[in-house]
Amino acid sequence: MQNSPDSVPVLTVDGPSGSGKGTIVQRVAQKLGWHMLDSGALYRLVAFGALKNGLSLQDEAAIADYAVHLDVEFRLQDMPAGAPNPQELQIMLEGKPVGPELRTEETGNAASIVAAMPEVREALLQRQRDFRQPPGLVADGRDMGTTVFPDAQVKVFLTASAEERARRRYKQLIDKGISANLAALLRDINERDERDSQRSVSPLKPAADAVIIDTSDLSIDQVVEQVLAICKDRF
Ligand code: DC
């Protein structure tokens, strides 16, 4: 088993949007010196790319076929001296860089629709497992601990109240100079939670062996510390 990809350690971090996963996973991966999988980005890329290619989100067969052939590359690019991070991830879709358009509410909502399609999930399964490379992987998503890496050594599930998640998203958008409406964000979050947790395949739910952390009243640093403390005992 020494050389099997299954022997490479994995930490899964699942939870709803706005639970703080993205930032926490990035920091934890950096501290551990491990690879990172942002599985939500794959669902976003399928939705974004499909719409860009003129496909309808109602046409499940066409979206699934697009997902099977998804032409995406994750490149680590060296940043100029003095930049906040020495390297940053550049996502290339069909040979062209994708930027902030992947992170909009519109793309997030479209991603939630394609993520409910069983064939799309199936198409992305092996692609996600291929990220399991030495020295280790921190995987961010909704079903990392339940479906994609059920044998992960450590599983964490982050939660926060819908109101707190809407407030965080509001602040993020305002900080970026994007106008936002708190009530509309809360409505979107509730709708997305409903779709993500009610779907028949890989619904959003903690793995039986996951450690659940409610982040509503915790800072990012406090959550990172808690996750690292859990890892310290197990890796
Ligand atoms: O984490 P995110 O907001 O980038 O995810 C975008 C959408 O993709 C979200 O509606 C849930 C879905 N998703 C999923 O179903 N399974 C995953 N492993 C990751 C994301």
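This section reports on the structure supplied with the text.

The rules behind each value
Residues numbered from 1 in each chain as written. Predicted model: local features only at pLDDT ≥ 70, side-chain atom pairs only at ≥ 80, totals over all residues. Heavy atoms only, no water. Near = heavy atom within 4 Å. Polar contact = N/O pair within 3.5 Å; in protein donor to acceptor, adjacent residues only side chain to side chain. Helix = DSSP H or I, 4+ residues; strand = E, 2+ residues; numbered from the N terminus. Patch = residues over 30% accessible without salt bridge, like charges linked within 9 Å, V, L, I, M, F, W, Y side chains within 5 Å. Areas by Shrake-Rupley, 256 points an atom, 1.4 Å probe, with all protein chains shown as cover. Salt bridge = Lys/Arg side-chain N within 4 Å of Asp/Glu carboxyl O. Core = buried A, V, L, I, M, F, W, Y, C linked by side-chain atoms within 4.5 Å. Buried < 20%, exposed > 50% of the residue type's maximum accessible area, 1.4 Å probe, protein only. Contact = heavy atoms within 4.5 Å. Pairing = 2+ DSSP bridges.

Turning to the site of the ligand, a few remarks are in order. Of all residues adjacent to the ligand, which total 16 residues, the nearest are S39, R44, R121, D143 and R199. Within the side chain of R121, an N or O atom sits 2.8 Å from an oxygen atom of the ligand. In this structure, D196 approaches the ligand through a side-chain N or O atom, which is 3.3 Å from an oxygen atom. Examining the composition of the shell around the ligand, we find that four residues originate from one element, helix α2 (residues 39-52), more than from any other.

Further remarks concern a nonpolar patch on the surface. A grouping of Y170, I174 and L182 is seen on the molecular surface, where their side chains present a nonpolar patch of about 230 Å² in accessible area. Of note, Y170 is situated in helix α7 (residues 162-175).

Looking now at the nonpolar core. Of all hydrophobic cores here, the largest spans 35 residues; its most connected members are L45, V46, I63, L70, V120 and F149. Looking at this core, the elements with two or more residues in it are α2, α3 (60-68), β4 (87-93), α4 (105-115), α5 (118-129), β6 (137-141) and α6 (144-148). Sorting elements by how many residues they give to this core places α2 first, with eight residues. Apart from residues no more than four positions distant in its own chain, L70 is found in contact with L42, L45, V46, L93, L124 and R127.

Glancing now at the pairing of strand β7 (residues 154-159). The side chains of a regular strand alternate between the sheet's two faces. Most of β7 is tucked away: five of the six residues are buried. In terms of strand pairing, strand β1 (residues 10-14) meets β7 through four bridges, oriented parallel. In the sheet register, D14 faces β7, and the bridge partner there is F157. As paired elements, β7 and strand β8 (residues 211-214) share four bridges and run parallel to each other. Note on β8: the bridge partner recorded for T159 is D214.

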